[in-house]
Structure formats: C-alpha cells, structure tokens
Amino acid sequence: MTLQQTLSIMKPDATRRNLTGKINAKIEDAGLRIIAQKRLCLSKEQAQKFYAVHAERSFFNDLCEYMISGPVVVQVLEGEDAVAKYREVMGATNPANAAEGTIRKEFAESIEANSVHGSDSEENAANEIAFFFSQIEIVG
C-alpha cells in the first residue's frame, strides 16, 4: 500500500443541495484525510483548461457549462492508495450503475450531475492538484 494524494471536486449539484458535509463524512469514513479544501467558482476558461482532455468529446461544452453553473469545492485527499480508494467511494460515473453506499448512488442527480469528480490515476492526481492548489495550501 502506498500513501497517495488525489483530487476531489464536489460539483455544483452537490454544493447547491448543501451536501458538502455529508460527502466529507463519507470521504473521512473511508479512511481518507482532507488535507486541503476550498470553495470557488470556476470561470469558463478554467473549466475548459481543466477538462481539456475531453475537448474533442461531444459532452465537453455541456460539461464546462455545468461546472461553471455554481460553486464547487476542490479538495486534496490523502491516504493509502487514495486514487483507487476515492474512486471506490465515489462509485460508477453513472449513478444507476453505482454500488450502494457510494457518493454517486446516494447523491447524484444524473450521469452529468453526479456530484463529484476524482482523479483517475496518480499522474493525473498530481496534475489536477497542481491546477487548484499551491504546496503551501496543502497541510498533511
């Protein structure tokens, strides 16, 4: 097992419904530590840059519009195998396919408004964390 960091984003549907505390509880109950956290509103340019990997996909513009539709909470999570652990806690992208007890099964409104984002690899986690946080903001 390896101590890792991963990025979490609570999306606009979650912040609109005031679910940040409930989602944080699920994260912490899974053994992950929240070592950095902030609430912000993304600009369209920031959303486009963050999701640039999806720029050629049909859902790109809708995704960016959704991500700027309200505040988000960005976090750095730390723990043993944090990337895989958080992906397990989040559940499948489509909440209809997510396991019972996962964030998306309990809180997602749809496949698009699925409440949370999490890094899909250790390399992407490092890049995504650096997108939102400076080292001075991450307190282990």
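Refer to the structure printed above.
Residues numbered from 1 in each chain as written. Predicted model: local features only at pLDDT ≥ 70, side-chain atom pairs only at ≥ 80, totals over all residues. Heavy atoms only, no water.

Right, let's talk about the packing of aromatic side chains for a bit. Evaluation of the coordinates by the stated rule reveals 4 aromatic pairs. Ring plane angle 90° and centroid distance 4.9 Å describe the contact between F50 and Y51, whose orientation is recorded as edge-to-face. We note that F50, like Y51, is buried. By the ring-pair criterion, three or more aromatic residues cluster together here, those being F50, Y51, F131 and F132. For K38, the ring lying beneath its charged end belongs to F133, and the centroid distance is 4.8 Å. (Phe/Tyr/Trp six-rings, centres within 6.5 Å; stacked < 30°, edge-to-face > 60°. Buried < 20%, exposed > 50% of the residue type's maximum accessible area, 1.4 Å probe, protein only. Lys NZ or Arg CZ within 6 Å of the ring centre and 35° of its normal.)

For the rest of this paragraph, the subject is the sheet that holds strand β3 (residues 72-80). Each strand in a sheet pairs with another by means of backbone hydrogen bonds, the pair being arranged parallel or else antiparallel. In space, the 4 strands of this open sheet follow the order β2-β3-β1-β4, with antiparallel pairing throughout. Where the open sheet ends on each side, the last strands, each with one partner, are β2 (33-40) and β4 (116-118). In this sheet, adjacent strand axes meet at a mean angle of 20° when their direction is disregarded. By the bridge criterion, 8 bridges tie strand β1 (residues 3-10) to β3 in an arrangement that is antiparallel. Note that in β3 the partner of S8 across the bridge is Q75. Sheet contacts for helix α2 (residues 20-29): β1, β2, β3 and β4; angle to β2, the most-contacted strand, approximately 160°. Along the sheet, helix α7 (residues 122-132) makes contact with β1, β2, β3 and β4, crossing β1 at roughly 55°. (Pairing = 2+ DSSP bridges. Helix = DSSP H or I, 4+ residues; strand = E, 2+ residues; numbered from the N terminus. Axes fitted to C-alpha atoms, helices over the stretch in contact; angles between N-to-C directions. Contact = heavy atoms within 4.5 Å.)

This next bit is on the nonpolar core. If you look at the biggest cluster of nonpolar residues, it comprises 21 residues, and the most contacted ones within it are I9, M67, F132 and F133. Those elements giving two or more residues to this core turn out to be β1, β2, α3 (44-50), α4 (60-67), β3 and α7. With 15 residues, the next largest nonpolar core counts I23, I27, A82 and I103 among its residues. (Core = buried A, V, L, I, M, F, W, Y, C linked by side-chain atoms within 4.5 Å.)

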